Amino acid sequence: MTKSIALLIFCISLVFFSCENKETVPPTTFGATPAPRQLAWHELEYYAFVHFNMNTFTNEEWGHGTEKPANFNPTQLDCEQWARVCKQAGMKGIILTVKHHDGFCLFPSQYTEHSVKNSTWKGGKGDVVRELADACQKHGLKMGVYLSPWDRNHPTYGTPAYNEVFKNTLKEVLTNYGEMFEVWFDGANGEGTNGKKQEYDWKGFVEVVRTHQPNACIFSDGGPDIRWVGNEKGYANPTNWGTLNGDKVYPGYPKIQELTSGHEGGTHWIPAECDVSIRPGWYYHADQDDKVKTLGKLVEIYFQSVGRNGNLLLNLPVDRRGLVHENDSAALVNLRKYLDKSFETNLAKGKPVTVSTMRGNNEKFGGNKVTDEDKKSYWTTDDLITTGSLEIDLQADSEINTVVLQEFIALGQRVQSFSIHVFKDNQWQEVAKETTIGNKRMVKFPTVTTSKVKITILESKACPLINNLEIYKVVDSFSL
Ligand code: FUL
């Protein structure tokens, strides 16, 4: 009798033991997936654009190319001040307009006379790109460059020779100033001095970047690495795919509204970057000193870009002194205060999560993986299961109004729709029903008191992979 009981226990534990240790095969990729350089770019989320160039001194938005280099003459240029302001704002890098449509270069290029080398600033010996590269390095910021292929000054513009000029200029910028995280190609294509438009050698431009800065992401209307979001207001649509039919979209692509949502099931991973200026103009105009965006507007932009699977590229129009204006830096500091205060306490951190299903019934893919703050681990289901729910036990009544969700995008974007419920008055009540998630989705709803939150994946293109879930009570921007 005791022998048979012992045998039974042995058999049961054998079965249990083998089940527990049975290898559960992780999911494979679905659709287009990000390259390592794009994955690194997603992590940045929020960084600065700086529009500072000839237009700053002529009070223009689009220069004509006929301006005198001598006009460029900042009185107190201090790139370290830019870097300090951006660092304090929690931004991860700075992208500078090293050449805008008027063709003026902020560095002493050997391929044009229209540059700082012929300006009065520092007797023609200055180099803004060098100063910014040094400042970024010192303050631990990444650096990127904006170059406009459209050039209203260069005598060769409108001829094949110009493509060589542009590639050489690009090479100068990409080989002399250290690592760049992003190269921003403006899609504008107007007429040059001789009234001709240029046929751009995009393939050649991309090749120069890949050769000299293989880790840099290339931005243009349609990628190849990052796409324009289709507006200059700083928002992506609530439904926002990181994928795009990359072979169909090109700089100057007319159906720009498609870029605000991307293409579901698109052939390439080309996520959206949301560019917007902190003031009405991209360049500094003294009469816009009192038109810096309010905290409420900046918060809205943040939620509708970073919180909708996009990165936020917020422009600072550096002024004629060569400094970020006091009003702009005050607005950035306020936004930082708001974000720090709002996202200080993640109420879901380390909390137990019960799931409707998990892959291979294996805890390796269980619910707790979404609250463990390890972005490499995730909850997922078996391959044929494309729905499921996660129930987070907050272990105490808490006031909440925001849920942050992240997909494990390294294996592709999958979720098409999801809902959020809170347990209140003895029943589950829906507080939000949304569509895509992607790298990061932030969902705000009216403040509610609850001790349990349920996320339900309603539709997914393949088994859903959720690697992070956070719950907050964000502050009202007006209460700061
Ligand atoms: C546009 C340009 O025409 C604007 O001047 C600005 O640089 C903006 C970011 O991109 O295409």
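Residues numbered from 1 in each chain as written. Predicted model: local features only at pLDDT ≥ 70, side-chain atom pairs only at ≥ 80, totals over all residues. Heavy atoms only, no water.

1. What to know about the sheet that holds strand β10 (residues 310-316)
Ordered in space as β1-β2-β3-β4-β5-β6-β9-β10, the 8 strands form a closed barrel in which the pairing is parallel. Taken over all neighbouring pairs, the strand axes of this sheet differ in orientation by 25° on average, direction set aside. As paired elements, strand β2 (residues 93-99) and strand β3 (residues 142-147) share 6 bridges and run parallel to each other. Paired with Lys99 across the bridge in β3 is Leu147. (Pairing = 2+ DSSP bridges. Helix = DSSP H or I, 4+ residues; strand = E, 2+ residues; numbered from the N terminus. Axes fitted to C-alpha atoms, helices over the stretch in contact; angles between N-to-C directions.)

2. A word on the site of the ligand
Taken together, Phe49, His51, Trp62, His100, His101, Tyr146, Trp184, Asp186, Glu232, Asp275 and Trp282 make up all the residues around the ligand. In the model, an oxygen atom of the ligand is placed 2.7 Å from a nitrogen or oxygen of the His51 side chain. Within the side chain of Tyr146, a nitrogen or oxygen atom sits 3.2 Å from an oxygen atom of the ligand. Burial of the ligand by the protein amounts to 89% of the accessible area it has alone, namely 300 Å². Along the lines of polarity and charge, the residues of the shell around the ligand split into 5 nonpolar, 3 polar and 3 charged. (Near = heavy atom within 4 Å. Polar contact = N/O pair within 3.5 Å; in protein donor to acceptor, adjacent residues only side chain to side chain. Areas by Shrake-Rupley, 256 points an atom, 1.4 Å probe, with all protein chains shown as cover. Nonpolar A, V, L, I, M, F, W, Y, C, P; charged D, E, K, R; others polar.)

3. What to know about the domain arrangement of the protein
Splitting the protein by domain gives domain 1 (36-342) and domain 2 (353-479). Of note, the centres of domain 1 and domain 2, computed from C-alpha atoms alone, are 35 Å apart. In this complex, domain 1 contributes 23 residues to the contact, which on the side of domain 2 involves 25 residues. Carbon and sulfur atoms supply 59% of the area that domain 1 and domain 2 bury against each other, a total of about 2,000 Å² over both sides. Across the contact surface, domain 1 and domain 2 share 2 salt bridges. One salt bridge in this structure joins Glu45 and Lys440, with 3.0 Å as the shortest N-O distance. Between the two partners, domain 1 and domain 2, sit 16 residue pairs in polar contact (both at pLDDT 80 or more). Those elements that provide at least two residues to the side of domain 1 that touches domain 2 are α2 (36-44), α8 (295-305) and α9 (326-342). For the side of domain 1 that touches domain 2, the leading source of residues is α8, giving 5 residues. For the side of domain 1 that touches domain 2, the residue count by class is 10 nonpolar, 9 polar and 4 charged. (Domains from an automatic or database assignment. Contact = heavy atoms within 4.5 Å. Buried area = accessible area lost by both parts, 1.4 Å probe. Salt bridge = Lys/Arg side-chain N within 4 Å of Asp/Glu carboxyl O.)

4. Considerations on unusual backbone geometry
Omega for the bond connecting Gly223 with Pro224 falls within 30 degrees of zero, at 20°, which places this linkage in the cis form. Positionally, Pro224 belongs in the loop between β5 (217-220) and β6 (226-228). Residues other than glycine seldom take positive phi values, yet Asn309 does so here, at roughly 65°. Relative to the elements of secondary structure, Asn309 occurs in the loop between α8 and β10. One non-glycine residue, Asp425, lies in the positive phi region at around 50°. If you trace the backbone, Asp425 turns up in the loop between β14 (415-424) and β15 (427-434).

5. Details of α2
Regarding α2, the residues found buried are Gln38, Trp41, His42 and Leu44. In a view along the axis of α2, the buried residues occupy a sector of 150°, so they form one face of it. Exposed residues lying more than 90 degrees from the buried face of α2 are Pro36 and Glu43. Positioned one or two residues after α2, Glu45 has a phi angle of 60°, which is positive. (Buried < 20%, exposed > 50% of the residue type's maximum accessible area, 1.4 Å probe, protein only. Arc of directions from axis to C-beta.)

6. Observations concerning the pattern of salt bridges
Counted under the stated rule, the structure contains 23 salt bridges. Lys167 serves as the salt-bridge partner of Asp201, at 2.6 Å between the closest nitrogen and oxygen. Taken together, the positions of Asp201 in the loop between β4 (182-185) and α7 (202-212) and Lys167 in helix α6 (residues 160-176) put the pair 34 residues apart, joining distant regions of the chain. Judged by its relative accessible area of 24%, Asp201 falls in the partly exposed class. Bridged by salt links that share partners, the residues Asp78, Glu80, Arg84 and Lys138 form one connected network.

7. Quick look at the nonpolar core
With 77 residues, the main nonpolar core has Phe72, Trp82, Val128 and Leu170 as its most contacted residues. When we break this core down by domain, the ones giving at least three residues each are domain 1 (36-342) and domain 2 (353-479). The contact partners of Trp82, leaving out residues within four places of it in the chain, are Val50, Phe52, Leu77, Ile94, Leu96, Val128, Leu132, Val318, Gly322, Leu323 and Val324. Counting residues in each nonpolar core, the second largest holds 26 residues, with Trp379, Ile400, Ile437 and Leu469 among its members. (Core = buried A, V, L, I, M, F, W, Y, C linked by side-chain atoms within 4.5 Å.)

8. Notes on the pairing of β15
The pairing of β14 with β15 spans 7 bridges and is antiparallel. Bridge pairing in β15 places Phe423 opposite Trp428. Between the antiparallel neighbours β14 and β15 lie 2 residues, among them Asp425 with a positive phi of about 50°.

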